[in-house]
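For reference, the chains in residue letters:
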Amino acid sequence: MKIDPVERGERKVYSVAAFNRGVRDWVARLPTVWVEGEVTELRHHANWQTVFFTLKDPAEGACLAVTMPRGQFDALRIDLADGERVHVFGRPELFEQRGDLRLRALTVERFGLGDHLAALERLKRKLAAEGLFAAARKRPLPRLPRAIGLVTGNDAAAKRDVLTTIVERFPPARVVVAETYVQGPRAAPAIVDALAALCRLPELDVVVVARGGGSFEDLLPFSDERLVRAVAACPVPVVTAVGHEQDTPLCDLAADVRASTPTAAGRLVVPDVRELHATLGRSRAALERGTRRTLDRERQRLATTRERLTRAPALALERKRAALNHAAARLQALSPRSTLERGYAIVRSGDDLVRSSATVAPGDPLRIEVADGSFGARVE
Amino acid sequence: MSAEPTFEAAQRELEQIVERLERGQTGLDEAIALWERGEELYRFCLGKLDAAHGRIEELARVATETPT
C-alpha cells in the first residue's frame, strides 16, 4: 500500500495511522528469528484469543512484548511460568493501533531441556548412591489404613479416580485430601508442605501422591530433590501415581509403591470390603466349628466316663457274688453232708455223737443220721 | 475390649484363635474362652467394616492463592 504524506507548507507530514502502517509494512519484511529471554508478565486467559507475555533480557533488562494465538500456545502444552527461560521463534510485528512493536511467536520452547535431563540423571545417580531407592527401604502398605492422605492437584481426573476407587472398594475409608500445585516452579515445595501437613495427622497410615499425565516439564516437580527426599523420609508408606505408565519421575523410585495409575493407587491402599467380609465370615465359621468340635469331644469323654461310673457298682457286685459262690462251693466241700451221701452215717446217743463203742451199752437208743434223713435204732 | 486394637491386629488375633481351636488341643474352659474372645473380635472387625460411612476431608489448603 502506498503511504502518502500530506503537504504542510514546506513539510511533508504523515498521519499517525499512515506512519504506523508504513512502519508495520517495513517491519513485516524482517525475517523470522529465535529470541532468547526470560518470561515475565505472562497473561493467559481462557476467554482471550491471544496469550501475552514479556520477554526480558536477564542480563540487560531489555524487554520485548510477545503475542501468540491462544490455540497455538495451548497446543504446545508447555505450561510456562514467569521466570522461565525460553526460546521464542517469531517475527516482529507492529501493532498499528498503538504503535507497539511486538514479537509474534510461532513457537516457544523451554530453553535447556537437555540440561534438565542431564541434571536429572545426575540427581538420580546421587540419590541412588545414598540408598534412597533401595528395595530394603520399601515398607509394606497397611491392610486397613485408619486415614489415607491424598496429595493431588485440583486436576479433577486423578483426584476423582483415586477417591472413587477407594470409596467403592472400601466405603468406611477416611481420606484426607491435600490439594496443592502439581506443576510449575511452586509445585515441589508445595507438595513437600502438603506431605508434611498430612503427616501431622495422628491417624495417617498411608499417603497417595497422584497426578495425571503431562509433559516432561509438567512432571519435573516430581523429580525435584526436595520432593524425592520428602517422599523417602515420609513416616508412613507412600504410593505414587504420577503421569503415565512410561513416566518415571524420581519420586516414583523413592516411593514405597509405584502405582501405574491413580485408580491402581486407590486399589492398593484399601482392601476390598466384600473380600474382607468373606474372610471374616470364614474365620467366624471356623471359630464355631473349632469350638463345637472341642465341645463334642469333651461331651463324648464325659459320656464315656459316666458309663464307666454306672457300670462300676454292678461290676463290684458281680465280683463279690463270684467270691461268695466260690466260698459256698468250698463250704460245700467241707460239709459232712457229702460224706453222708457217700454212705457214711452219723450216730448219736442222746445229744452226743457216738465216737467210741465204749460209750454205749446194749439197749441204748441211738439216732442214726444218713444222707436223706434219720431213724432210731438200739444197741444190741 | 481394652485399648482399641487396629482392625489388622484384631483380625490376626481372630485367625490365631481359629488356628488354636482347629489344632484341637484346647480344654473345654479354654475353648469356650477362646470362642468368646473370637466372637468379640469378629464383632469388632465387622463393626469396623460397617462403621459409619467413610469421610473425605479437605486438608486446609496448603497453598491458598491460585496461580495467575
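Remember, it's a predicted structure, so these values are computed and weren't measured experimentally.

### A short note on the confidence of the model for chain B
Residues and elements named next belong to chain B.
- Put simply, chain B has an average pLDDT of 78, and 79% of its residues get 70 or more.
- Ignoring residues within four places in sequence, the model shows residues 62–68, a span with pLDDT below 50, making ten contacts including any to other chains.
- Predicted as a complex, the structure gets a pTM of 0.55 and an ipTM equal to 0.75.

### Considerations on the interface of chain B and chain A
- Taken residue by residue, the interface counts 41 residues in chain B and 42 residues in chain A.
- When chain B packs against chain A, close to 3,600 Å² is buried across both sides, 61% of that on carbon and sulfur atoms.
- At the boundary of chain B with chain A, the tally comes to three salt bridges.
- Notably, a salt bridge pairs Glu-57 of chain B with Arg-174 of chain A, separated by 2.7 Å at the nearest N-O pair.
- Linking chain B with chain A are eleven residue pairs in polar contact (both at pLDDT 80 or more).
- Mapped onto the side of chain B that touches chain A, the elements with two or more residues apiece are α1 (7–23), α2 (28–50) and β1 (55–58) of chain B.
- Take the side of chain B that touches chain A: its biggest share by element is 13 residues, from α2 of chain B.
- Summarising the sheet, strand β9 (residues 174–179) of chain A and β1 of chain B pair through four bridges and their orientation is parallel. Looking at the pairing, Val-176 of chain A lines up with Glu-57 of chain B of β1 of chain B.

### Remarks on the pattern of salt bridges
- Across all of its chains, the model carries 34 salt bridges over all chains by this definition.
- Two residues, Lys-159 of chain A and Glu-179 of chain A, come together in a salt bridge whose shortest N-O distance is 2.8 Å. In this pair, Lys-159 of chain A is assigned in helix α4 (residues 156–169) and Glu-179 of chain A in strand β9, connecting sequence segments 20 residues apart. Glu-179 of chain A matches Lys-159 of chain A in its accessibility class, with the two residues each being buried.
- Linking Arg-284 of chain A and Glu-39 of chain B is a salt bridge whose minimum nitrogen-to-oxygen distance equals 2.8 Å. Of this pair, Arg-284 of chain A sits in helix α9 (residues 273–334) while Glu-39 of chain B sits in helix α2, which puts the two residues in different chains.
- By relative accessible area, Glu-39 of chain B is classed as buried at 8%.

Reading the values: rules and limits
Residues numbered from 1 in each chain as written. Chains lettered and ligands numbered in written order. Predicted model: local features only at pLDDT ≥ 70, side-chain atom pairs only at ≥ 80, totals over all residues. Heavy atoms only, no water. pLDDT = per-residue confidence, 0-100. Contact = heavy atoms within 4.5 Å. Buried area = accessible area lost by both parts, 1.4 Å probe. Salt bridge = Lys/Arg side-chain N within 4 Å of Asp/Glu carboxyl O. Polar contact = N/O pair within 3.5 Å; in protein donor to acceptor, adjacent residues only side chain to side chain. Helix = DSSP H or I, 4+ residues; strand = E, 2+ residues; numbered from the N terminus. Pairing = 2+ DSSP bridges. Buried < 20%, exposed > 50% of the residue type's maximum accessible area, 1.4 Å probe, protein only.

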